[in-house]
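Examining the three-dimensional arrangement
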Amino acid sequence: MDRLLAERDAALEVDPTFSGMPQSFIDWTWHTWLPSHLHRYEKQVEAHMLYLDSKIGTLNSELEKRVGGVLDDRDAAADLRDRLQRELDAREMAS
């Protein structure tokens, strides 16, 4: 906690309107704290990874439902445009 507060104070010196988690603290956590403490939290990390896998699957399904049809419409329009352009190009060559 002391480290977080020190990093927060340093960020506030640079920008008095700063809010949120200082990037320097996030970097320190990933590069220093986590590697040396991961053995204590391995089961929680594995459980969280399972949760994230489930969340990613749900989000992928939602994206497919929401944008799948739009992407299909975009592809169909692009295909039709290309086909029409080929017809115009062929007509110009024949002239």
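Rules and cut-offs
Residues numbered from 1 in each chain as written. Predicted model: local features only at pLDDT ≥ 70, side-chain atom pairs only at ≥ 80, totals over all residues. Heavy atoms only, no water. Helix = DSSP H or I, 4+ residues; strand = E, 2+ residues; numbered from the N terminus. Expected span 1.5 Å × (residues − 1). Bend = angle between axes of the 7 residues up to and from the residue. Axes fitted to C-alpha atoms, helices over the stretch in contact; angles between N-to-C directions. Contact = heavy atoms within 4.5 Å. Nonpolar A, V, L, I, M, F, W, Y, C, P; charged D, E, K, R; others polar. Phe/Tyr/Trp six-rings, centres within 6.5 Å; stacked < 30°, edge-to-face > 60°. Buried < 20%, exposed > 50% of the residue type's maximum accessible area, 1.4 Å probe, protein only. Polar contact = N/O pair within 3.5 Å; in protein donor to acceptor, adjacent residues only side chain to side chain. Arc of directions from axis to C-beta.

Points about helix H2 (residues 23–37)
An ideal rise of 1.5 Å per residue puts 21 Å on 15 residues; H2 measures up with 20 Å between its terminal C-alpha atoms. The sharpest bend along H2 measures roughly 45 degrees and falls at Thr 29.

Here we look at the packing of helix H1 (residues 2–14) against H2
In the contact formed by H1 and H2, the axes pass within 8 Å of each other and the chain directions differ by 145 degrees. Judged by residue contacts, Arg 3, Leu 4 and Glu 7 of H1 engage Ser 24, Phe 25 and Trp 28 from H2. Looking at the contact of H1 with H2 residue by residue, the class counts come to three nonpolar, one polar and two charged.

Comments concerning the packing of aromatic side chains
The tally for this structure, following the rule as stated, stands at two aromatic pairs. A centroid spacing of 5.8 Å and a plane angle of 35 degrees characterise the contact between Trp 33 and Tyr 41, whose relative ring orientation is tilted. In this structure Trp 33 comes out as partly exposed when scored by relative accessible area, which is 28%. Looking at Tyr 41, the relative accessible area reads 35%, which means it is partly exposed.

Some points on the side chain of Glu 7
Here Glu 7 lies in helix H1. Using a relative accessible area of 16% as the deciding quantity, one classes Glu 7 as buried. Each residue touching Glu 7, except ones within four places of it in the same chain, is listed here: Pro 22, Ser 24 and Phe 25.

Description of the side chain of His 37
As for its placement among the helices and strands, His 37 is situated in helix H2. A polar contact is formed between the side chain of His 37 and the backbone oxygen of Trp 33, at a distance of 2.9 Å.

Concerning the environment of Gly 68
Summarising the element assignment, Gly 68 is placed in helix H3 (residues 42–94). For Gly 68, a relative accessible area of 6% corresponds to the buried category.

Notes on H1
Taking 1.5 Å of rise per residue, 13 residues should cover 18 Å, and H1 covers 19 Å from first to last C-alpha, within 8% of that figure. Within H1, the full set of buried residues consists of Leu 4, Glu 7 and Ala 11. Down the axis of H1, the smallest arc covering the buried residues is 70 degrees, so these residues share one side. Exposed residues on H1 whose side chains face more than 90 degrees from its buried face are Asp 2 and Glu 13. Against H2 lie the buried residues of H1.

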